Amino acid sequence: MQGKEFDRWSRIRTQGALRYVLLNGVVFYGLPMFLIMTYVIPHPRLTVAQSALLWVAIAGAGFGVAMWIVQERRFRKVSGRS
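Residues numbered from 1 in each chain as written. Predicted model: local features only at pLDDT ≥ 70, side-chain atom pairs only at ≥ 80, totals over all residues. Heavy atoms only, no water.

Caption draft 1: The overall build of the protein chain, seen in detail. Regarding its fold elements, the protein chain presents three helices and zero strands. Beginning at the N terminus, the succession of helices and strands in the protein chain can be written as α-α-α. Relative to the globule expectation of 12 Å for 82 residues, the C-alpha radius of gyration of the protein chain, 16 Å, shows a markedly less compact shape. By residue count, 22% of the 82 residues in the protein chain fall in the buried class. Summarising the internal contacts of the protein chain: among those between residues at least 6 apart in sequence, 71% fall at separations of at least 24. (Helix = DSSP H or I, 4+ residues; strand = E, 2+ residues; numbered from the N terminus. Rg over C-alpha atoms; globule rule 2.2 N^0.38 Å. Buried < 20%, exposed > 50% of the residue type's maximum accessible area, 1.4 Å probe, protein only. Contact = heavy atoms within 4.5 Å.)

Okay, structure coming up:
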């Protein structure tokens, strides 16, 4: 983690994990995945509502949580915190 990245993550983490997960996970990952999986590669046994629940809520939130954990580990490694 370099200087600019460290400063950026410091600002992001002050806004909290929930905001990060909702924006970066659900909105910026889950929503595009929903659109792709629903309209580009539709699942034969799932309705649009089921696809939305699966990709936006579950996959998006999972991605957001995973990215938060990765960035926190990198931040703590550079800042010397445990």
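Back to the text.
Caption draft 2: Focus on the environment of Gly64. By the element assignment, Gly64 lies in helix α3 (residues 48-79). Overall, Gly64 belongs to the buried group, its relative accessible area being 1%. Gly64 sits 56 residues away from Arg8 along the chain, and the two C-alpha atoms are 17 Å apart. Setting aside anything within four residues of it in sequence, one finds Gly64 in contact with Tyr20, Val21 and Gly25.

Caption draft 3: Region of the structure containing helix α2 (residues 17-40). If you look at α2, its biggest bend is around 35°, right at Gly30, and the proline Pro32 turns up within four residues after that. Of the residues making up α2, those classed as buried are Tyr20, Val21, Gly25, Val26, Gly30, Met33, Phe34 and Thr38. Residues of α2 that are buried in the fold lie against α1 (3-15) and α3. (Bend = angle between axes of the 7 residues up to and from the residue.)

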